[in-house]
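Report on the structure
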Amino acid sequence: MTSPENCIFCKIIANEIPSKKVFEDEALFAFHDISPVAPLHILIIPKKHITSLNELLHEDIDLMGQIVLRASLLAKEFGISDHGYRLVNNCGEFGGQTVHHIHFHLLGGRHLTWPPG
Ligand code: AMP
Ligand code: ZN
């Protein structure tokens, strides 16, 4: 499993790897995805290194609430809230997770298909 020392998203939070940051506070970091799959594709991550939803603890409830609220606020800020958008978490191999630091994709700016591939 990925540890904070070799985690690409921990390095982005620490500014050791550049990113196009759109938001930061004491708990969260948000930045544009490097390979966007929609006109707006932002990743929202906690600064705490949590590997995936599988490792979520009761103590992380407030953090998850902050992420969902931040998604709503960023959607408004980036002008996608009226048409609608999607907030996605990929968990584990079958979920398509490739970076093992929990993250939520905020996707918008086009009509998104359902179900996803
Ligand atoms: P997932 O497949 O759900 O684990 O999503 C990982 C996401 O991280 C993918 O959409 C990647 O394009 C994105 N990603 C990987 N490396 C970077 C990076 N250095 N900066 C921004 N986004 C990244
Ligand atoms: Zn990490």
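Given the structure is predicted, the values throughout are model-derived calculations rather than measurements.

Quick word on the packing of aromatic side chains
The tally for this structure, following the rule as stated, stands at 2 aromatic pairs. Ring geometry for Phe-9 and Phe-31: centres 5.4 Å apart, planes at 80°, overall edge-to-face. Linking Phe-9 in helix α1 (residues 8-13) with Phe-31 in strand β2 (residues 28-32), this pair joins segments that are 22 residues apart in sequence. Each member of the pair, Phe-9 together with Phe-31, is buried.

Concerning the coordination of the zinc ion (ligand 2)
For the zinc ion (ligand 2), the full set of protein donor atoms is Cys-7 (SG), Cys-10 (SG), His-49 (ND1) and His-101 (ND1), at a range of 2.0 to 2.3 Å. Here the zinc ion (ligand 2) binds 4 donor atoms, and the angle range of 106 to 116° at the metal identifies the geometry as tetrahedral. Every donor residue of the zinc ion (ligand 2) comes from the same chain, spaced as C-x2-C-x38-H-x51-H. One end of the pair, Cys-10, is in helix α1; the other, His-49, is in the loop between β3 (40-46) and α2 (61-77), with 39 residues separating them in the sequence.

Some words on the sheet that holds strand β4 (residues 85-88)
The strand order across the open sheet formed by 5 strands is β1-β2-β3-β5-β4, and the pairing between neighbours is antiparallel. Looking at the sheet topology across the chains shown, the edges are occupied by β1 (21-24) and β4. Across the sheet, the mean angle separating the axes of adjacent strands is 15° when strand polarity is ignored. In this sheet, β3 lies alongside β2 in antiparallel orientation, the contact comprising 5 bridges. Paired with Phe-31 across the bridge in β3 is Leu-43.

Here we look at the site of ligand 1
Around ligand 1 lies a shell of 16 residues, among which Asp-33, Asn-90, Thr-98, His-103 and His-105 are the nearest. For ligand 1, an oxygen atom lies 2.6 Å from a polar atom in the backbone of Thr-98. A majority-of-atoms criterion places ligand 1 in the largest pocket. Per-element accounting of the shell around ligand 1 gives the leading share, 3 residues, to α1. Along the lines of polarity and charge, the residues of the shell around ligand 1 split into 7 nonpolar, 8 polar and 1 charged.

Details of α2
Over its 17 residues, α2 extends 24 Å from the first C-alpha to the last, a length consistent with the 24 Å expected when each residue adds 1.5 Å. Buried within α2 we find Leu-63, Met-64, Ile-67, Ala-71, Leu-74 and Ala-75. An end-on view of α2 places all buried positions within 115° of arc, on one side of the element. Away from its buried face, by an angle of more than 90 degrees, α2 presents the exposed residues Ile-61, Asp-62, Leu-69, Lys-76 and Glu-77. If you follow the buried residues of α2, they end up packed against β1, β2, β3, β4 and β5 (104-108). Looking one or two places after α2, you find Gly-79, whose phi comes out positive at around 75°.

Considering the layout of surface pockets
In this structure, the largest pocket spans a volume of roughly 720 Å³. Asp-33, Val-37, His-41, Leu-43 and His-105 are, among the 32 residues lining the largest pocket, the residues nearest its centre. Elements represented by at least two residues in the lining of the largest pocket include exactly α1, β2, β3, β4, α3 (92-95) and β5. With 3 residues, the single largest contributor to the lining of the largest pocket is α1. When grouped by side-chain class, the residues that make up the lining of the largest pocket number 16 nonpolar, 12 polar and 4 charged.

Basis of the calculations
- Residues numbered from 1 in each chain as written.
- Chains lettered and ligands numbered in written order.
- Predicted model: local features only at pLDDT ≥ 70, side-chain atom pairs only at ≥ 80, totals over all residues.
- Heavy atoms only, no water.
- Phe/Tyr/Trp six-rings, centres within 6.5 Å; stacked < 30°, edge-to-face > 60°.
- Helix = DSSP H or I, 4+ residues; strand = E, 2+ residues; numbered from the N terminus.
- Buried < 20%, exposed > 50% of the residue type's maximum accessible area, 1.4 Å probe, protein only.
- Donors = N, O, S within 2.8 Å, 3.2 Å for Na, K, Ca; no water.
- Tetrahedral: all angles 85-135°; square planar, octahedral: opposite > 155°, others 65-115°.
- Pairing = 2+ DSSP bridges.
- Axes fitted to C-alpha atoms, helices over the stretch in contact; angles between N-to-C directions.
- Near = heavy atom within 4 Å.
- Polar contact = N/O pair within 3.5 Å; in protein donor to acceptor, adjacent residues only side chain to side chain.
- 1 Å grid on protein atoms, 1.4 Å probe; cavity = no way out; pocket = protein on both sides within 12 Å on 5 of 7 lines; lining within 4 Å.
- Sits in = over half its atoms within 2 Å of the grid points.
- Nonpolar A, V, L, I, M, F, W, Y, C, P; charged D, E, K, R; others polar.
- Expected span 1.5 Å × (residues − 1).
- Arc of directions from axis to C-beta.
- Contact = heavy atoms within 4.5 Å.
- Points joined across faces, edges and corners; volume = space filled by probe spheres on them.

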